[in-house]
Amino acid sequence: MEILQCFPDSPVYEETEGIYQEVFSQAEASICPKGCIQFYKAEEIIPELKLEKETPVAVVLYTLGEEISRFSVQEFQRGDYLRGMLIDAMADSCLFTMEEEWKKILIKECRKRNLGIERRLEAPADIPMSVHKRVMSFTNTEKLGIQLSKGMMFFPIKTICLVFVLTEDICLQKVDHDCKACKNLKCRLRKIR
């Protein structure tokens, strides 16, 4: 509801809450989460940054699968825009919740390797979209059901790819998105003004 900016004082709050209850089970059943963490050298994944050749990086790639997007699109095609938007927002919420779980796994895997996390990179803000193509060529994405369009966009749509620059300083754990550096000033999840 927060993603939709639909709060209790909104005139459509009760209707939206009712639809939420109706679609929750089907939306939940439509989500097929999958993902992976892979470790590489910076030159393999992000040569544009001109980091030292041996700098380790981690790639986190995860998806909700295509069924949840299909469910949302189906509602839009039927002309039920509120249902479509709500299902899409539910998927986004799930995607961001998955990120919290992946961060824990990433930190654990880095600690096993005596590494810290120096920086988080996202395309296209921090790195070019071509990174997606490199990630696809190195990662077994068939098991994940992820494909890449000619425009370097992932399919299923609800897919996220993050690259983390690693360091020998095991105390550094910079896994969070930096809202201050983000250019999406209209993001509904922005944590700073």
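Cut-offs and rules
- Residues numbered from 1 in each chain as written.
- Predicted model: local features only at pLDDT ≥ 70, side-chain atom pairs only at ≥ 80, totals over all residues.
- Heavy atoms only, no water.
- Helix = DSSP H or I, 4+ residues; strand = E, 2+ residues; numbered from the N terminus.
- Buried < 20%, exposed > 50% of the residue type's maximum accessible area, 1.4 Å probe, protein only.
- Contact = heavy atoms within 4.5 Å.
- Areas by Shrake-Rupley, 256 points an atom, 1.4 Å probe, with all protein chains shown as cover.
- Lys, Arg positive; Asp, Glu negative; His and termini not counted.
- Charge placed at Lys NZ, Arg CZ, Asp CG, Glu CD.
- Core = buried A, V, L, I, M, F, W, Y, C linked by side-chain atoms within 4.5 Å.
- Salt bridge = Lys/Arg side-chain N within 4 Å of Asp/Glu carboxyl O.

## Some words on the overall build of the protein chain
Phase 1: Summing up its helical and strand segments, the protein chain has 5 helices and 6 strands in all.
Phase 2: Start at the N end of the protein chain and walk to the C end: the helices and strands fall as α-β-α-β-α-α-β-α-β-β-β.
Phase 3: Summarising its shape, the C-alpha atoms of the protein chain cover approximately 55 × 35 × 30 Å along the three principal directions.
Phase 4: Here the protein chain holds 193 residues, and 41% of them are scored as buried.
Phase 5: Taking all contacts inside the protein chain whose residues are at least 6 apart in sequence as the whole, residues at least 24 apart take part in 72%.
Phase 6: Summing over all exposed atoms, the protein chain offers an accessible surface of approximately 11700 Å²; the carbon and sulfur share of this is 52%.
Phase 7: Looking at the protein chain, you have 28 positive and 30 negative side-chain charges, and the mean spots of the two groups are 5 Å apart.

## Quick word on unusual backbone geometry
Phase 1: The linkage connecting Ala 123 with the following residue, Pro 124, adopts the cis geometry, with an omega of 0°.
Phase 2: If you trace the backbone, Pro 124 turns up in the loop between β3 (116-121) and α5 (130-138).
Phase 3: Pro 156 follows Phe 155 through a cis peptide bond whose omega is 5°.
Phase 4: In this structure, Gln 5 takes a positive phi of about 60° despite not being glycine.
Phase 5: Along the polypeptide, Gln 5 turns up in the segment before α1 (13-30).
Phase 6: In this model, Lys 50 sits at a positive phi of 50°, which is unusual for a non-glycine residue.
Phase 7: By the secondary structure assignment, Lys 50 is in the loop between α2 (42-45) and β2 (56-63).

## Here we look at the nonpolar core
Phase 1: Ranked by internal contacts, the top residues of the largest apolar core, which has 32 residues, are Leu 106, Ile 117 and Phe 164.
Phase 2: Looking at this core, the elements with two or more residues in it are α1, β2, α3 (67-77), α4 (81-112) and β6 (159-167).
Phase 3: Sorting elements by how many residues they give to this core places α4 first, with 11 residues.
Phase 4: Not counting chain neighbours up to four residues away, the residues in contact with Leu 106 comprise Ile 37, Ala 58, Val 60, Ile 117, Phe 164 and Val 175.
Phase 5: By size, the runner-up hydrophobic cluster in this structure holds 19 residues, among which are Cys 36, Leu 61, Phe 154 and Val 165.

## Considerations on the pattern of salt bridges
Side-chain pairing between opposite charges can occur once the charged atoms of the two side chains come close.
Phase 1: Considering all chains together, one arrives at 17 salt bridges under this definition.
Phase 2: Measuring nitrogen to oxygen at the nearest pair gives 2.5 Å for the salt bridge that ties Lys 158 to Asp 92. One end of the pair, Lys 158, is in the loop between β5 (154-155) and β6; the other, Asp 92, is in helix α4, and 66 residues separate them in sequence. For the pair Lys 158 and Asp 92, one class covers both residues: buried.
Phase 3: Notably, a salt bridge pairs Lys 112 with Glu 109, separated by 3.0 Å at the nearest N-O pair. Taken together, the residues Lys 112 and Glu 109, both in helix α4 and 3 residues apart, mark about one turn of the helix.
Phase 4: Since its relative accessible area comes to 18%, Glu 109 is described here as buried.
Phase 5: Among the ionic contacts, a cluster of salt bridges with common partners joins Glu 22, Glu 75, Arg 78, Asp 80 and Arg 83.

This is a description of form; function is not addressed.
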